[in-house]
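So you can see what is in the structure, the chains are spelled out below.
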Protein chains: 2
Amino acid sequence: MTPPPLPVTLADVARLAGVSKMTVSNVLNERPGMSPDTRRRVQAAIEESGYVVNTAARMLTGRRMNLIGVIAPRYSVPYVTELIQGASAAAEAAGMSMAVFTTSQNAVLERERGALLRTLADGVLLIMPTAGSGQMFENVVPVVTTGAEGAYSVQGDNEQGGRLAAQHLLSLGHRRIAHIRGADAPADHAGEMRARERGFLEVLHAAGIDVPAAYLPGSNSQEDGGEQAARALLSLPEPPSAIFAANDVAAFGTLRMAAALGLRVPHDLSVLGFDDVTASALTTPALTTIRQPLQSMGAAAVQMLLELGSGSVPAVAHRIFETTLIVRQSTAPPSS
Amino acid sequence: MTPPPLPVTLADVARLAGVSKMTVSNVLNERPGMSPDTRRRVQAAIEESGYVVNTAARMLTGRRMNLIGVIAPRYSVPYVTELIQGASAAAEAAGMSMAVFTTSQNAVLERERGALLRTLADGVLLIMPTAGSGQMFENVVPVVTTGAEGAYSVQGDNEQGGRLAAQHLLSLGHRRIAHIRGADAPADHAGEMRARERGFLEVLHAAGIDVPAAYLPGSNSQEDGGEQAARALLSLPEPPSAIFAANDVAAFGTLRMAAALGLRVPHDLSVLGFDDVTASALTTPALTTIRQPLQSMGAAAVQMLLELGSGSVPAVAHRIFETTLIVRQSTAPPSS
DNA sequence: CTGAAAGCGCTAACAA
DNA sequence: TTGTTAGCGCTTTCAG
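Rules behind the numbers
- The residue numbering used here restarts from 1 in each chain and proceeds along that chain's sequence as written.
- Working convention: letters from A go to chains and numbers from 1 go to ligands, in the order in which they are written.
- This being a predicted model, a pLDDT of at least 70 is required before a residue's local features are given, and a value of 80 or more before pairs of side-chain atoms are given or counted; all residues contribute to the totals for chains, interfaces and linings.
- Side-chain metrics rest on all non-hydrogen atoms present in the structure, leaving aside hydrogens and water.
- Helix numbers and strand numbers start at the N terminus; a helix is a DSSP run of H or I with at least 4 residues, a strand a run of E with at least 2.
- In this setup the radius of gyration rests on C-alpha atoms only. A globule is expected at 2.2 Å times the number of residues raised to 0.38.
- Type-normalised accessible area, obtained with a 1.4 Å probe on protein chains alone, sets the label of each residue: buried when under 20%, exposed when over 50%, and partly exposed for intermediate values.
- Where accessible areas are quoted, they stem from the Shrake-Rupley method and a 1.4 Å probe; at the residue level, only the protein chains shown are allowed to cover.
- Just so you know, the count uses Lys and Arg for positive and Asp and Glu for negative, and it drops His and the chain ends.
- In plain terms, the charge of a residue is placed at NZ if it is Lys, CZ if Arg, CG if Asp and CD if Glu.
- Summary of the distance rule: residues count as near a molecule or strand when at least one heavy atom falls within 4 Å of that molecule or strand.
- Polar contacts, as used here, are pairs of N or O atoms within 3.5 Å; protein pairs need one atom able to donate a hydrogen and one able to accept it. Residues neighboring in sequence count only if both atoms are side-chain atoms.
- Two strands form a pair only when DSSP identifies at least two bridges running between them.
- Between N-to-C directions, angles cover 0 to 180 degrees, with each direction set by a line fitted to C-alpha atoms, over the stretch in contact for helices.
- Contacts are assigned to residue pairs with any non-hydrogen atoms lying within 4.5 Å of each other.

Identification of chain A as LacI family transcriptional regulator from Deinococcus ruber is taken from an unreviewed UniProt entry.

Given below as structure tokens:
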């Protein structure tokens, strides 16, 4: 009644079935060419003994585990969650498992985890990696990153997204337009933040709109960062009529602050985000935002890994994804 | 300049350092009693060769990987994300890595993944497991579940939470109170949903409040489920003045529907959620909700696993966590 | 303090 | 169609 207390090995099963270990192995691996009778007998012995393969032993012979390894900074960031979902779906569709690890501050853990994936995984996806973190996998297992780091990557077209944002606000008639900039820390993927800003300002400048420095506060990419930046903007002598936040989370903070100050969005203030994470559809008013196809990006990353794993070279090493404007309820023509 | 193309083994390092394999192994495992000189020499050889342990070989000797394995249904559910965050923090604090797998529909993948964790992990956390999914780990590696399944678990006190919900709405003066029930599918942890409902109705009945069947629509626990249930409720001849949703996601849907119908929350309608996921603080108005300490629950689960792993028996096999009322802006006394 | 031998459980390669 | 022989890379004895 109780499960076997001691590990059952392949040899045990072989003995039980009265065959050799190899025969059992062949059954386990569904190899062809074997009498149906033997197969049945072995299968019965497996059931009866409650045998489960020892993954370590199997790995030792060089096999990989049908596994995509993912290393991400933390789970709390919606951006990360969406990417992972897309990757997960693609892995599953390809018949592979996916294991997600979060970056730890502990160097020993980092190495252990890396050593594990190095031998275990068929491919490793690095989400928002810090420089050099893919090193230990090189030449051992394929690696794809998000953002600009590394030999193979998937990324959103941030500059184009910034342009879209500016165009949308301009077309609504806004002229006093502010931008809450993303944080400068590399861990907050500063490069992508700068690209968004670049595209945004480029279009505004081309339209002859001047953006004073006071209209470009920074945020730590957290909700409270967005709140504080919004507070600063909205207490200016001449506050903006529209705010483009560098990401949705900062936009959430902006919505909160606007409400706290008694401003009605979008009537008194337009708010525009970036990313289109799931929560963006939940806010009231629902957030107008520049969508990065995060799920598709995660899926594409996995597909690149599979390609690399099968020995072929992906057509493009860096896949850039177009962004699109998602109009919801947080933007409107200026009322004043 | 390029990393070693072929796997460097312990033997290679030993040769390079002019010592035996065992000596290298001792250095790697930081075992005491060894001349500092030898240690240094070995360490240099490790660096130089770019050696990384082969995890498979190490595992084969029976060692575990300082790893907590987590199996969860999908990443999209905020409830899951929060639990994972708490678990992750606790694992990290204990010097362990954490790997998260999502449940797949594919039986082969399931087994492979289970086989992996069986030999790899020092403990396995099952989030919202389906019956029997912990079976293959039994007697091999400790298992803790969320919800009622299994020998060891962490869970929120759902019934008490339901009572809190009722008490809050009653104390505000509501009498026409509806409840959007959680789905009946086991995968939606129906048991916990029923407990919430039970506690809720118990208090209302004790207060002499009758809840007509029309005030108890079901929802599929997704946002649109919440929307539809709310629409039904709000188009009743005598609509409720307050709605208690079985979880925050359904409450989000309710907020959306209320806005769509031109109702102002909380002035025209009070909305109360359950869980207190991160997004609940983001909605406008911010959601009043019954908080389950999901992060603490995740952390506690990991601590139980570590205890079980160290051979001791946890004082309580099933840890129940109190819920608390978090008052934000979506509830107020009825206006009519 | 360091080394040599044996074996963990499995599979690849070859025999029978 | 099935069995035999090696050996994957590491660690655990036990000697030196």
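Draft legend 1. Expanded view of the overall build of chain A. Of the regular secondary structure elements, chain A holds 11 helices and 11 strands. Expected size for 336 residues packed as a compact globule is a radius of gyration near 20 Å; at 26 Å, chain A overshoots this value by more than 25%. Projected onto its principal axes, the C-alpha coordinates of chain A cover approximately 90 × 45 × 35 Å. A buried classification covers 54% of the 336 residues belonging to chain A. Accessible surface for chain A amounts to roughly 14,100 Å². Of this, 54% is attributable to carbon and sulfur atoms. Side chains of chain A give 26 positive and 30 negative charges; the mean places of these two sets differ by 6 Å.

Draft legend 2. Broad picture of the protein's contact with DNA strand C. Near DNA strand C there are 23 residues, and of these Leu-10, Ser-25 and Tyr-51 of chain A together with Thr-23 and Thr-38 of chain B occur at the shortest range. Protein-proximal atoms of DNA strand C, defined as those within 4 Å of the protein, fall in sugar or phosphate at a share of 69%. With respect to DNA strand C, the side chain of Tyr-51 of chain A contributes an N or O atom lying 2.2 Å from a phosphate oxygen. Thr-23 of chain B places a polar side-chain atom, nitrogen or oxygen, 2.7 Å from a phosphate oxygen of DNA strand C.

Draft legend 3. Broad picture of the sheet that holds strand 8 (residues 270-275) of chain A. All names here are of chain A. Read across the open sheet, the five strands follow the order 6-7-8-9-11; overall the sheet is mixed. In the strand order of this sheet, the two ends are held by strand 6 (177-180) and strand 11 (324-326), each with one partner. Direction aside, the axes of adjacent strands within the sheet are offset by 20° on average. Alignment of strand 6 against strand 7 (residues 242-245), held across four bridges, turns out to be parallel. In the strand pairing of strand 7, Ile-177 is matched with Ala-242.

Draft legend 4. Quick look at the sheet that holds strand 6 (residues 177-180) of chain B. All names here are of chain B. Pairing in this open sheet of five strands is mixed, and the strands run 6-7-8-9-11 from one edge to the other. With one partner strand each, in any of the chains shown, strand 6 and strand 11 (324-326) form the two edges of the open sheet. Strand after strand, the sheet turns through a mean of 20° between neighbouring axes, direction not considered. The sheet contacts of helix 9 (residues 223-234) involve strand 6 and strand 7 (242-245), and relative to strand 6 the element is tilted by about 155°. Helix 10 (residues 248-260) contacts strand 6, strand 7, strand 8 (270-275) and strand 9 (288-291) of the sheet and is inclined by roughly 160° relative to strand 8.

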